[in-house]
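Next come the chains, spelled out residue by residue.
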Amino acid sequence: MKICVLVKEVPDAAVQKRIDPSTGRMDRSGEKNLNPYDTHAIEAAMQIREGGAAQVDEIVAVTMGPESAVRALHKAVSLGADRSVHLTDPALAGSDVAATGYALAKALEREQPDLVLLGQQSDDGECYTIGAVVADHLRMPSLTQVIQLDVEAGAVRCERQAEYGYDTVQVRLPAVISVGDAINEPRYPSLKAIMGAKKKPLDQMTSADIGIDSALVGEEGSRVQCGDFHDPAAKAPGQVIEDDDTNETVAKIVAWLDERKLI
C-alpha cells in the first residue's frame, strides 16, 4: 500500500499575514513552515503503518510550491515520510484552488497511490476544498473532516465531523481523505530524523515533466481573479479613564453611557 500525503509550505504562525497589493496574493516573504494541519495527515499515515491492519510500503510527501518549499518537505520526512515529491515551476505561481488541485492531481497520477491524505485546511488561505478538487481529477471518492480512520480490506472506514454530529462512512480505495486536527496528536521528530531528512530521496519536477497544461495553471489559468485589496480603515482610539478617584471615575462612565442613551 502506498500513501501520499499532500503538504504545503505556509507563512509561520508568528508572521502577520498580509496581502501584497501589487499582486493581489499573499505576501510570503517572511519565515515559513510546514502547514500544521498537514502534520495530522502525516501522523495518520504513520499510525496506519504502525497499526498493522495494512502493509504500508511507502509514505510519500507531495507538495507544490517555490524552491523554499523543500524545507516543508524535509519537515514532513522528519515526521515519518519515506521520500518526497516537489512540483515547482514559475508557471504555477498565482494558481487558485482549481489550478492547484489540477496540478497536484497530475503529480499524484505519476505516483499511483492507494490513499491520499491531507490536512483539512491550510493555515494561510484556510481553504477546505483542495482535497475534493484533487479527488475529482483523480476520479476517486473523497471525504473531509475525518477524525478517525481505519483501514479494512480494500477500503477505509472513517468517522467524520458533520454539522449535527458524526457520520461513519466506508469508502473503497483508492481515495482522498482530508483529516481534521482532532484525529490525532502529531509526534515530535527525533533529532536523528531531523538530521537525516535531507538525505532522503527528493524528486523535483516541473510542469512539463508531468504533462501539465499551462493554460490551466498560474494566474492566467485560474478561475478566481483577485480584486482591489487594501487595509481596513483605522478605528478612532478609545477613551481611557484613569481610576484616580473611584467616585469620579464611576461618574464619568455613567455620563458617557447616558450621553449615548445606553442607560
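A brief report on the enclosed structure follows. Predicted, not measured: the structure shown is a model, and the values here were computed from it.

Topic: the overall build of the protein
Scanning the protein for helices and strands turns up seven helices and 13 strands. Dimensions of the protein, computed from the C-alpha atoms along their principal axes, are close to 75 × 40 × 40 Å. Here the protein holds 263 residues, and the buried ones make up 44% of them. For the protein, restricting intrachain contacts to residue pairs at least 6 apart in sequence, the fraction spanning at least 24 positions comes to 70%. Surface accessibility of the protein: about 14900 Å² in total, with carbon and sulfur atoms responsible for 50%. Seen as two clouds, the 27 positive and the 42 negative side-chain charges of the protein have centres 5 Å apart.

Section: the pairing of strand 8 (residues 115-119)
Most of strand 8 is tucked away: five of the five residues are buried. Of the two faces of strand 8, both are covered, the one formed by L115, L117 and G119 as well as the one formed by V116 and L118. Of the strand pairs in this sheet, strand 8 and strand 12 (residues 175-179) are connected by five bridges, and their pairing is parallel. For G119, the partnering residue across the bridge sits in strand 12 and is V179.

With respect to the pattern of salt bridges
The tally for this structure, following the rule as stated, stands at twelve salt bridges. Across the salt bridge formed by E111 and R83, the nearest N and O atoms sit 2.6 Å from each other. Here the residue E111 occupies a position in helix 3 (residues 97-111), and R83 occupies one in strand 7 (residues 83-87), the gap between them amounting to 28 residues. Here E111 falls in the buried class, since its relative accessible area comes to 7%. As a salt-bridge pair, E259 and R260 come within 3.6 Å of each other at their nearest N and O atoms. Assessed through its relative accessible area of 40%, R260 is described here as partly exposed. Several salt bridges share partner residues, and in doing so they unite K2, E58, R83 and E111 into one network.

Comments concerning helix 1 (residues 36-51)
The end-to-end C-alpha distance of helix 1 is 23 Å, a good match for the 22 Å that 16 residues give at a rise of 1.5 Å each. Residues of helix 1 that are buried include every one of Y37, D38, T39, H40, A41, I42, E43, A44, A45, M46 and I48, and no others. G52 occupies a position one or two residues after helix 1 and carries a positive phi of about 85°.

Quick look at the sheet that holds strand 7
If you walk across this open sheet you meet the nine strands as 11-10-9-12-8-1-6-7-13, and the pairing is mixed. Among the strands making up the open sheet, the edge pair consists of strand 11 (165-172) and strand 13 (202-205). Across this sheet, the average inter-strand angle for adjacent strands is 30°, counted without regard to direction. Both strand 6 (residues 58-64) and strand 7 contribute to a ladder of five bridges, which runs parallel. Its bridge partner lying in strand 7, V60 is registered against R83.

With respect to the nonpolar core
Of all hydrophobic cores here, the largest spans 35 residues; its most connected members are I3, V5, L117, L149 and I177. If you list the elements that add at least two residues to this core, you get strand 1 (2-6), helix 1, strand 6, helix 2 (70-78), strand 8, strand 9 (142-152), strand 10 (155-162) and strand 12. In terms of residue count, helix 1 provides more of this core than any other element does, six residues in total. Residue contacts for I177: discarding those within four places in its chain leaves L115, V116, L117, L118, L143, V146, V156, C158 and V171.

Description of the layout of surface pockets
The volume enclosed by the second largest pocket comes to roughly 310 Å³. No other element matches helix 1, which puts three residues into the lining of the second largest pocket. Broken down by class, the residue content of the lining of the second largest pocket amounts to nine nonpolar, three polar and five charged.

Thoughts on the side chain of E9
Here E9 shows up in strand 2 (residues 9-11). Here E9 occupies a buried position and makes no salt bridge, while the nearest side chain of opposite charge, R71, is found at 4.0 Å. Only 3.0 Å separates the side chain of E9 from the side chain of S68, close enough to count as a polar contact. In terms of polar contacts, E9 uses its side chain to reach the backbone amide nitrogen of A69, at 3.4 Å.

Things to note about a negative patch on the surface
Where like charges cluster on the molecular surface, the negative patch consists of E242, D243, D244 and D245. Tracing the chain through its elements places D243 in the loop between helix 6 (218-221) and helix 7 (246-259).

As for unusual backbone geometry
Omega for the bond connecting L173 with P174 falls within 30 degrees of zero, at 5°, which places this linkage in the cis form. Counting through the fold element by element, P174 comes out in the loop between strand 11 and strand 12. Of note, R139 is a non-glycine position whose phi angle comes to about 60°, a positive value. As for its position among the elements, R139 is in the loop between helix 4 (130-138) and strand 9. Residue R139 is classed as exposed on the basis of its relative accessible area of 69%. In this structure, Q145 takes a positive phi of about 55° despite not being glycine.

Calculation criteria
Residues numbered from 1 in each chain as written. Predicted model: local features only at pLDDT ≥ 70, side-chain atom pairs only at ≥ 80, totals over all residues. Heavy atoms only, no water. Helix = DSSP H or I, 4+ residues; strand = E, 2+ residues; numbered from the N terminus. Buried < 20%, exposed > 50% of the residue type's maximum accessible area, 1.4 Å probe, protein only. Contact = heavy atoms within 4.5 Å. Areas by Shrake-Rupley, 256 points an atom, 1.4 Å probe, with all protein chains shown as cover. Lys, Arg positive; Asp, Glu negative; His and termini not counted. Charge placed at Lys NZ, Arg CZ, Asp CG, Glu CD. Pairing = 2+ DSSP bridges. Salt bridge = Lys/Arg side-chain N within 4 Å of Asp/Glu carboxyl O. Expected span 1.5 Å × (residues − 1). Axes fitted to C-alpha atoms, helices over the stretch in contact; angles between N-to-C directions. Core = buried A, V, L, I, M, F, W, Y, C linked by side-chain atoms within 4.5 Å. 1 Å grid on protein atoms, 1.4 Å probe; cavity = no way out; pocket = protein on both sides within 12 Å on 5 of 7 lines; lining within 4 Å. Points joined across faces, edges and corners; volume = space filled by probe spheres on them. Nonpolar A, V, L, I, M, F, W, Y, C, P; charged D, E, K, R; others polar. Polar contact = N/O pair within 3.5 Å; in protein donor to acceptor, adjacent residues only side chain to side chain. Patch = residues over 30% accessible without salt bridge, like charges linked within 9 Å, V, L, I, M, F, W, Y side chains within 5 Å.

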